[in-house]
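One letter stands for each residue in the lines below.
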Amino acid sequence: MREYKETHHSLLFKSNSDLTLYSAGHEACSPGQNYGPRVRPYNLIHFVLRGKGELHIGEHVFHAASGDAFLIPAGQVAYYEASRDEPWTYAWVCFLGIQAENYLRHIMTSTEEIYIIRGLSAEKYETAILELLTFQDDTTSSYFAVNSILLRIMSYLFSDIAFQEQEWGRRNGADKIRFYLDMNYFKNLKLK
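(A) Region of interest: the sheet that holds strand β2 (residues 20-28). The strand order β1-β2-β9-β4-β7-β10 describes an open sheet built from six strands, whose pairing is antiparallel. Where the open sheet ends on each side, the last strands, each with one partner, are β1 (2-5) and β10 (116-117). Contacting β1, β2, β4 (43-50), β9 (89-96) and β10, helix α4 (residues 140-160) crosses the sheet at an angle of about 75 degrees to β2.

(B) Geometry of the side chain of R40. With respect to the helices and strands, R40 occurs in the loop between β3 (34-39) and β4. Buried within the structure, R40 lacks any salt-bridge partner; its nearest side chain of opposite charge belongs to E3, at an N-O separation of 9.2 Å. Contacts of R40, omitting those with residues within four sequence positions, involve Y35, I72, A74, G75, Q76, A78 and Y80.

(C) Just the environment of L49, in detail. By the element assignment, L49 lies in strand β4. Separated by 20 residues in the primary sequence, L49 and A69 have C-alpha atoms spaced 8.9 Å apart. In this structure L49 touches H26, S66, T89, Y90, A91, A122 and E126, once residues within four positions along its chain are discounted.

Parameters and conventions
Residues numbered from 1 in each chain as written. Predicted model: local features only at pLDDT ≥ 70, side-chain atom pairs only at ≥ 80, totals over all residues. Heavy atoms only, no water. Pairing = 2+ DSSP bridges. Helix = DSSP H or I, 4+ residues; strand = E, 2+ residues; numbered from the N terminus. Contact = heavy atoms within 4.5 Å. Axes fitted to C-alpha atoms, helices over the stretch in contact; angles between N-to-C directions. Buried < 20%, exposed > 50% of the residue type's maximum accessible area, 1.4 Å probe, protein only. Lys, Arg positive; Asp, Glu negative; His and termini not counted. Salt bridge = Lys/Arg side-chain N within 4 Å of Asp/Glu carboxyl O.

Pasting the structure below:
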């Protein structure tokens, strides 16, 4: 197993960021290798690169294989296990932040199976995560670099699920007024 864990900032800092990487990794599992049941304070996406296995969330069981990804939201009890005859190799990203739950919810509600994404091109996700794993130092420069890779992975996901933009970010009149006030509070504003 190879793993990168961002330790330059505290969990509180990460929770108050828009979206930030907690950790990422790559692992070729042995037959029947499992993890959990466990609740995490961060969101998790596993990209199945080869092989197969299953995810248990609540009373539901989901089967995932090469080209699939499985999603585990923060605060959910989850257990996952590699197949005994064809164990999976996967890469993962863990992330949190103010918008993390919102982004994950948009992904989950844009797929047929809420915790599974099917038919992904696993190679590009593996390549991005392996690039992320090359960072071993704990510097501000590395923090920005690994988060840029996380954003690239999220960009891939939103593109691959053909996310419908119509409802995203639609602002009503009150939102527009608040944004204007936030951006111009220092000016002598007048109501017209």
